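# Structural overview
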Amino acid sequence: MPKGQNDDVNSLAHTKWNCKYHVVFAPKYRRKVFYEEKRLAIRDILRQLCAWKGVEILEGEICPDHVHLLLSIPPKMSISYFIGYLKGKSSLMIFQKYGNMKFAYRNREFWCKGYYVDTVGKNTKAIKEYIANQLKRDKESDQLALFDPRDPFTGSK
């Protein structure tokens, strides 16, 4: 291997691996629930669950209505299994911590059924920057959504 390439390579007993995934998932109904203490609590819950499974969070951002994660997952674990585990266990832990949220989400389903996943490959730096700036981009798009192009005096465009 050329110098500098093995920085990202991990190893198991007989395997060298570099499996990174960009994952995005949202709460049910895309509700904006991640503010202040809930945002920090959910961050800690996701960190704890990843640590229990030996998954490394390389970058993450919790936006008001969705979560971006850049994960390094060992090849012995499938991505679908891990995301199912992460969303299922975090749901239980969120409802345990915030009991009043049970009534806003029927059947204790906190997360949407689906998720987005993409392999990162050699674009790790670009994906890290994208995730790091995601909250800023969301705030900017919210500001653009508030802009009303109609003339306030005539009511026309």
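In what follows, the accompanying structure is described. Predicted, not measured: the structure shown is a model, and the values here were computed from it. (Residues numbered from 1 in each chain as written. Predicted model: local features only at pLDDT ≥ 70, side-chain atom pairs only at ≥ 80, totals over all residues. Heavy atoms only, no water.)

## Some details on the pairing of strand S3 (residues 20–25)
Among the 6 residues that make up S3, 6 are buried, leaving the element largely enclosed by the rest of the structure. Here S3 shows a buried face lined by Lys-20, His-22 and Val-24 and a second buried face lined by Tyr-21, Val-23 and Phe-25. With 6 bridges joining them, S3 and strand S5 (residues 66–72) adopt antiparallel strand pairing. The residue of S5 that forms the bridge with Val-23 is Leu-69. Looking at chain direction, S3 and strand S6 (residues 116–119) are connected through 4 bridges and run antiparallel. Pairing of Val-23 across the sheet is with Val-117, part of S6. (Buried < 20%, exposed > 50% of the residue type's maximum accessible area, 1.4 Å probe, protein only. Helix = DSSP H or I, 4+ residues; strand = E, 2+ residues; numbered from the N terminus. Pairing = 2+ DSSP bridges.)

## Let's talk about helix H1 (residues 36–53)
Taking 1.5 Å per residue as the helical rise, H1 with its 18 residues ought to reach 26 Å, and the 27 Å between its terminal C-alpha atoms agrees with that figure. The set of residues buried in H1 consists of Ala-41, Ile-42, Ile-45, Leu-46, Leu-49 and Cys-50. Those residues of H1 that are buried are in contact with strand S4 (56–63), S5 and helix H2 (79–97). In the stretch just after H1, Gly-54 is the one whose phi turns positive, near 75°. (Expected span 1.5 Å × (residues − 1). Contact = heavy atoms within 4.5 Å.)

## What to know about the pattern of salt bridges
With the rule as written, the count across this model stands at 2 salt bridges. Residue Arg-39 is joined to Glu-61 by a salt bridge in which the shortest nitrogen-to-oxygen separation is 2.5 Å. With Arg-39 in helix H1 and Glu-61 in strand S4, the pair connects residues that are 22 residues apart, well separated along the chain. By relative accessible area, which is 26% here, Arg-39 ends up partly exposed. Linking Arg-43 and Asp-44 is a salt bridge whose minimum nitrogen-to-oxygen distance equals 3.4 Å. (Salt bridge = Lys/Arg side-chain N within 4 Å of Asp/Glu carboxyl O.)

## Some details on the packing of H1 against H2
Two elements in contact, H1 and H2, have axes separated by 10 Å at closest approach and are oriented at 135°. In terms of axis orientation, H1 runs oblique to H2. Our pair here, H1 against H2, has a crossing hand that is right-handed. Residues Ala-41, Ile-42, Ile-45, Leu-46, Gln-48, Leu-49, Cys-50, Trp-52 and Lys-53 of H1 form the contact with H2, whose participating residues are Tyr-81, Phe-82, Tyr-85, Leu-86, Lys-89, Ser-90, Met-93, Ile-94 and Lys-97. Here the residues of the contact of H1 with H2 sort into 13 nonpolar, 2 polar and 3 charged. (Axes fitted to C-alpha atoms, helices over the stretch in contact; angles between N-to-C directions. Parallel < 35°, antiparallel > 145°, perpendicular 65-115°, else oblique. Left-handed = near helix turned anticlockwise from the far one by under 90°. Nonpolar A, V, L, I, M, F, W, Y, C, P; charged D, E, K, R; others polar.)

## Observations concerning the environment of Ser-80
Position of Ser-80 relative to the elements: it lies in helix H2. Residue classification places Ser-80 among the partly exposed residues on the basis of a relative accessible area of 46%. Distance in space between the C-alpha atoms of Ser-80 and Tyr-115 is 9.5 Å, their sequence separation being 35 residues.

## Side note on the nonpolar core
In summary, soluble globular proteins display a tendency toward joint burial of nonpolar side chains. Ranked by size, the top nonpolar core spans 31 residues in total, and within it Phe-34, Val-67, Leu-71, Ile-73, Phe-82, Leu-86 and Phe-110 carry the most contacts. The set of elements that each furnish at least two residues to this core consists of S3, H1, S5 and H2. With 8 residues, H2 is the single largest residue contributor to this core. Setting aside anything within four residues of it in sequence, one finds Ile-73 in contact with Trp-17, Cys-19, Tyr-21, Val-55, Ile-79 and Phe-82. (Core = buried A, V, L, I, M, F, W, Y, C linked by side-chain atoms within 4.5 Å.)

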